[in-house]
Amino acid sequence: MNRRRLFTGASALVLGGALWLYTPDRDRAALETRYLAARADLRVIDGVRLHVRDTGPREAPVLLLLHGLGASLHTWEPWAQALAPTYRVVRFDFPGHGLSAADEDYSDPRTLRLVAALLDALGVSKVTVVGNSMGGRIAWRFAATYPAHVEKLVLLAPDGFASPGFAYNEPAEVPAVLGVMRWVLPRPMLEANLAPAYADRAHLADTIVTRYHDLMLAPGNRTAMLTRLRQTILTDPVPLLRTITAPTLLVWGEQDRMIPVSNAQDYLDVIPQARLVTLPALGHLPFEEAPARALIPVRAFLRE
C-alpha cells in the first residue's frame, strides 16, 4: 500500500513537471504581427512560402545574408540597417525557420536550388553571399555550385567539415532526447543553449532571447529543425572548396565555442582566394554580440 502511494505520488510529480514544462506553439498570426515588416515579405518561391526582406537601393550591389540553424533573418538586423544605405540587402528565413513555412526536403542540394530560385525571382544575377554556421555552409556550397552568380564570399564560422555526430556520407546522429523539444522548450532552456554562442553572456540581450524563443515556437518549426538535422548528410567539402573562384573572407570569433577558430585553417588550406580575420573576445555570433565592431573588416572587404 505504501509503495503504491509512493508510485502514485511520483507519477503525479512527473506529470505535473511535464505539464509545467510543456511549451505549445505560438499563434502564427501573433508572430507575424510582431516579426513581419510587410505582408509582401511573404513570397512563394519554388513552392515554399518564404519570409524575405529586400532592402536598400535596387541598383546597388547585392548582399545575400544566410543565417544559421535555429536563427532567422532577424539575426542580421544590425548589419542590414548599417549596410542598406549602400547595398541592396537580401535576407530570408530558411524553410522551417522564423516565419518561413516548412518544407519536406531540407537537404543542401534542395536548399541551394531554393536560394537560386529566390535570386531569380528577385531579378538578381550577381551577389556577395554572407553566411554564418549552417548558412556559411550553404554560402560556400552556393559559390561552388553557381560560381557565375557569386562576386564575393564572406564566411562567419562556417559549417561543413566533419565533427562529432556529423560524419561524411551518412545522416547526422540526432540524440533521441532532442525529440522532446517538440513539446518542451521553456525559455530558460533555450537561453542556456544560446548563451555559449556568445563570448560574453552579458551581451545576450533579453530581446534577442525572446525573439529566438518566439520564432522557435512558430508552428512546425521545432519538427522542421529535427527533420533538417536528420536529413543533413555532409560530404567531403575539399573538392568543392577548391573550385571556389570568388574572393573569400573568413571571419571568426576567437572565443567561438560552437565551431572553434582553429577550424579556419581547413578553409584557408583549400579555398584559393581566402583570408582570415579573427575577432578578439567574440563568439559564434559576432554580428549579434558586437555588430559594429564585427562589421568593420567585412565592410572593408566589400569595398575592395
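This text follows the structure it describes.
Residues numbered from 1 in each chain as written. Predicted model: local features only at pLDDT ≥ 70, side-chain atom pairs only at ≥ 80, totals over all residues. Heavy atoms only, no water.

**Looking at the overall build of the protein**
At step 1: Along the protein, the regular secondary structure elements total twelve helices and eight strands.
At step 2: Taking 2.2 N^0.38 as the reference for a compact globule, 304 residues should give roughly 19 Å; the C-alpha atoms of the protein span a radius of gyration of 20 Å, in line with that estimate.
At step 3: Reported as C-alpha extents along the three principal axes, the dimensions of the protein are approximately 80 × 40 × 35 Å.
At step 4: Evaluated residue by residue, the protein yields a buried proportion of 50% over its 304 residues. (Helix = DSSP H or I, 4+ residues; strand = E, 2+ residues; numbered from the N terminus. Rg over C-alpha atoms; globule rule 2.2 N^0.38 Å. Buried < 20%, exposed > 50% of the residue type's maximum accessible area, 1.4 Å probe, protein only.)

**Some remarks on a nonpolar patch on the surface**
At step 1: On the surface, Val177, Leu178 and Val180 cluster together into a nonpolar patch covering about 240 Å² of accessible area.
At step 2: Valine 177 gets classed as exposed once you look at its relative accessible area, which sits at 62%. (Patch = residues over 30% accessible without salt bridge, like charges linked within 9 Å, V, L, I, M, F, W, Y side chains within 5 Å. Areas by Shrake-Rupley, 256 points an atom, 1.4 Å probe, with all protein chains shown as cover. Salt bridge = Lys/Arg side-chain N within 4 Å of Asp/Glu carboxyl O.)

**Here's the deal with the side chain of arginine 53**
At step 1: Within the secondary structure layout, arginine 53 lies in strand S2 (residues 48-55).
At step 2: Exposure remark for arginine 53: the relative accessible area of 12% places this residue in the buried category.
At step 3: Of note is the side chain of arginine 53, whose polar atom sits 2.9 Å from the backbone oxygen of tyrosine 35.
At step 4: Reaching out from arginine 53, the side chain makes a polar contact with the side chain of glutamate 77 at a distance of 3.4 Å. (Polar contact = N/O pair within 3.5 Å; in protein donor to acceptor, adjacent residues only side chain to side chain.)

**A few points about the pattern of salt bridges**
At step 1: A full pass over the atoms with the stated rule returns 17 salt bridges.
At step 2: With a closest N to O distance of 3.0 Å, arginine 91 and glutamate 77 form a salt bridge. One end of the pair, arginine 91, is in strand S4 (residues 88-92); the other, glutamate 77, is in helix H3 (residues 77-83), with 14 residues separating them in the sequence.
At step 3: Here arginine 137 makes a salt bridge to aspartate 108, at a shortest N to O gap of 2.8 Å. Separated by 29 residues along the polypeptide, arginine 137 in helix H5 (residues 134-145) and aspartate 108 in helix H4 (residues 108-121) bring together distant segments of the chain. For the pair formed by arginine 137 and aspartate 108, the shared burial category is buried.

**Some remarks on the packing of aromatic side chains**
At step 1: Following the criterion strictly, the structure yields seven aromatic pairs and no others.
At step 2: Ring geometry for tryptophan 79 and phenylalanine 287: centres 5.9 Å apart, planes at 65 degrees, overall edge-to-face. Of this pair, tryptophan 79 sits in helix H3 while phenylalanine 287 is found in helix H11 (residues 286-289), placing the two residues 208 residues apart along the sequence. Taken individually, tryptophan 79 and phenylalanine 287 each receive the classification buried, so the pair is uniform in this respect.
At step 3: Relative to tyrosine 267, the ring of tryptophan 252 has its centre 6.2 Å away and its plane inclined at 45 degrees; by these criteria the two rings are tilted. Pair noted here: tryptophan 252 is in strand S7 (residues 248-253) and tyrosine 267 is in helix H10 (residues 264-268), with a separation of 15 residues, a long-range link. Each member of the pair tryptophan 252 and tyrosine 267 is classed as buried. (Phe/Tyr/Trp six-rings, centres within 6.5 Å; stacked < 30°, edge-to-face > 60°.)

**Some points on unusual backbone geometry**
At step 1: Phi at alanine 157 takes a positive value of approximately 45 degrees, unusual for a residue other than glycine.
At step 2: Positionally, alanine 157 belongs in the loop between strand S6 (150-156) and helix H6 (187-194).
At step 3: A relative accessible area of 2% places alanine 157 in the buried class.
At step 4: A positive phi angle, near 65 degrees, is found at asparagine 169, a position not held by glycine.
At step 5: With respect to the element layout, asparagine 169 can be found in the loop between S6 and H6.
At step 6: You can call asparagine 169 exposed: its relative accessible area is 59%.

**Points about the sheet that holds strand S3 (residues 62-66)**
At step 1: Within the open sheet, the eight strands sit side by side as S1-S2-S4-S3-S5-S6-S7-S8. Their pairing is mixed. Edge positions in the sheet fall to strand S1 (42-45) and strand S8 (274-279), since each of these pairs with one other strand and no more. When the angles between neighbouring strand axes are averaged without regard to direction, this sheet yields 25 degrees.
At step 2: Where S7 lies against S8, six bridges are found, and the strand directions are parallel. (Pairing = 2+ DSSP bridges. Axes fitted to C-alpha atoms, helices over the stretch in contact; angles between N-to-C directions.)

**Here's the deal with the environment of leucine 240**
At step 1: Topologically, leucine 240 is positioned in helix H9 (residues 238-241).
At step 2: Residue leucine 240 is classed as partly exposed on the basis of its relative accessible area, which comes to 26%.
At step 3: Along the chain, leucine 240 and tryptophan 140 lie 100 residues apart, while their C-alpha atoms are 8.5 Å from each other.
At step 4: Not counting chain neighbours up to four residues away, the residues in contact with leucine 240 comprise Trp140, Arg141 and Ala144. (Contact = heavy atoms within 4.5 Å.)

**Points about the packing of H6 against helix H7 (residues 206-216)**
At step 1: One way to put it is that H6 packs onto H7 with a least axis distance of 10 Å and a crossing angle of 115 degrees. One element, H6, and the other, H7, form an angle in the roughly perpendicular class. Regarding H6 and H7, the two cross each other, and that crossing is right-handed. Contacts between H6 and H7 involve Arg187, Leu190, Glu191 and Leu194 from the first element and Asp206, Val209, Thr210, Tyr212, His213 and Met216 from the second.
At step 2: Here the residues of the contact of H6 with H7 are counted per class, giving five nonpolar, two polar and three charged. (Parallel < 35°, antiparallel > 145°, perpendicular 65-115°, else oblique. Left-handed = near helix turned anticlockwise from the far one by under 90°. Nonpolar A, V, L, I, M, F, W, Y, C, P; charged D, E, K, R; others polar.)

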